[in-house]
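Residue strings, one per chain:
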Number of protein chains: 2
Amino acid sequence: MSHQQQQIERFCRHLGYEFSDQKLIQRALTHRSASNRHNERLEFLGDAVLGMVIAKALFEQFPKVNEGQLTRMRSSLVKGKTLAVIAKEIDLGDYIRLGEGELKSGGFRRASILADGFEAVIGAVYLDSGFETTSQLILKLYGERLTQLNPDEVTKDAKTRLQELLQSRGYPLPEYDLLTVTGEAHKQTFEVVCVISEQKIKTQGTGSSRRNAEQLAAEKAFTELQKALAS
Amino acid sequence: MSHQQQQIERFCRHLGYEFSDQKLIQRALTHRSASNRHNERLEFLGDAVLGMVIAKALFEQFPKVNEGQLTRMRSSLVKGKTLAVIAKEIDLGDYIRLGEGELKSGGFRRASILADGFEAVIGAVYLDSGFETTSQLILKLYGERLTQLNPDEVTKDAKTRLQELLQSRGYPLPEYDLLTVTGEAHKQTFEVVCVISEQKIKTQGTGSSRRNAEQLAAEKAFTELQKALAS
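Residues numbered from 1 in each chain as written. Chains lettered and ligands numbered in written order. Predicted model: local features only at pLDDT ≥ 70, side-chain atom pairs only at ≥ 80, totals over all residues. Heavy atoms only, no water.

Glancing now at the packing of aromatic side chains. Following the criterion strictly, the structure yields five aromatic pairs over all chains and no others. Consider the rings of F11 of chain B and Y95 of chain B, whose centres lie 5.6 Å apart with planes at 50°: the pair is tilted. With F11 of chain B in helix α1 (residues 3–15) and Y95 of chain B in the loop between α5 (80–89) and α6 (100–104), the pair connects residues that are 84 residues apart, well separated along the chain. On the basis of relative accessibility, which here comes to 0%, the residue F11 of chain B falls in the buried class. The buried category is assigned to Y95 of chain B, whose relative accessible area is 12%. Residue placement shows K159 of chain A over the ring face of Y176 of chain A; its charged tip is 4.7 Å from the ring centre. One residue, R161 of chain A, lies across the ring of F222 of chain A, its end atom 4.9 Å from the ring centre. (Phe/Tyr/Trp six-rings, centres within 6.5 Å; stacked < 30°, edge-to-face > 60°. Helix = DSSP H or I, 4+ residues; strand = E, 2+ residues; numbered from the N terminus. Buried < 20%, exposed > 50% of the residue type's maximum accessible area, 1.4 Å probe, protein only. Lys NZ or Arg CZ within 6 Å of the ring centre and 35° of its normal.)

Let us now look at α5 of chain B. In an α-helix, one turn spans 3.6 residues, which is why side chains three or four residues apart end up on the same side. If you check which residues of α5 of chain B are buried, you get T82, L83, A84, I86 and A87 of chain B. Those residues of α5 of chain B that are buried lie in contact with α3 (40–61), α4 (67–78), α7 (111–129), α8 (131–142) and α9 (144–147) of chain B. (Contact = heavy atoms within 4.5 Å.)

Our focus in this paragraph is the domain arrangement of chain A. As far as domains go, chain A holds domain 1 (3–154) and domain 2 (158–230). The C-alpha centroid of domain 2 of chain A is placed 37 Å from the C-alpha centroid of domain 1 of chain A. (Domains from an automatic or database assignment.)

What follows is about the sheet that holds strand β3 (residues 201–207) of chain B. Residues and elements named next belong to chain B. Taken in spatial order, the three strands make up an open sheet running β1-β2-β3, and their pairing is antiparallel. With partners counted over all chains shown, the strands left at the sheet margins are β1 (175–182) and β3, one partner each. Across the sheet, the axes of successive neighbouring strands diverge by a mean angle of 20°, strand direction being ignored. As defined by bridge partners, β1 adjoins strand β2 (residues 189–196) across seven bridges and the pair is classed as antiparallel. Across the sheet, L178 pairs through a bridge with V192, a residue of β2. Set on the sheet, helix α12 (residues 210–230) makes contact with β1, β2 and β3; between it and β3 the angle comes to about 145°. (Pairing = 2+ DSSP bridges. Axes fitted to C-alpha atoms, helices over the stretch in contact; angles between N-to-C directions.)

Below you can see the structure in the form of structure tokens.
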């Protein structure tokens, strides 16, 4: 058995999956700096498989959680940082083939190379075994990150998220204005408007406190803004 | 048979799929303005299923196309505009349940409501039938949009994409500088650097023309910038 084969066998033990087609895992572990037969197409496929497996798991695990929160939980689970951590847990950095330049600059420790490599491995497992097996493997690798997930911890409040999104695009901050206060002193209802003039977005929120009303208006504005930026 | 049931049967004929669980399709066709039992969670699930089905189809259909191009093709196929067109083809706007406000403002014609509704329908089909059947239905609904897809048409040149991404974030434009020209007059090699000072990104490209070298440098800078913005 060649050194490379031994290496791959060892990695597969860390991963907890045995490949029928060895070429797939060889390719998944080859960074573009090492060879033309590199892992980037597998990374593209793996990214999609991972996204769907995590979406399905969250959908089933949290039957009462709304779409916005599900989306944020999914983002936190499939972002580069999280994938790099899982990649380190299966020692992916020790087995990925890099070109000389990347080797010298310590590329095997770089989070983006680890995260991309992990997605490529997922793509390879999917081609080798199909959706069900890949799904089980992903859920096993995620472990408590998924089973112990608390929807509330992932969620920043809406005003903060709106502000961060606007700032990331270089837009001015939103304005909040109190429209009406109704009801008796101890049971008032506040109606608030959130305006993002730059994007012609105007949303309203109603709540038992000014803060709650603002959060609701911000939540709606955030959704509108995301759609405007995506279109 | 109630009016609502008749409506749903009619829609399912347009869609080309018969549901075992009628509640799923009822829910998929209910906008949040009409009821608390609305389609947003199904939309979340459908979005992930759609993304994976399209990614897999592109991966298989274009064995020679690189990751960047696959990603751009996928984006063009799953963006709101495309989904709204497919939704119109199956007359989804005639069957979606909206609240009074949205009805009055002609919400059934709004692209985002149609696109979201289409994703919700995909989510419902997936829960009703699993991955294989949903995949076949999606590929049928996409039809020529997928089978006649030309990778080159989807791809804007790298310099344009880089410029657009920087502008969308309010950053200054990149600078291109010629580093070296080597070789004889009719067979020169150009080496160019692309600098995005704001993000401390510096990439190089080499080509048989200055233009080609710049495109390559821009392609690399685009990838780096995406990673920087995502992290």
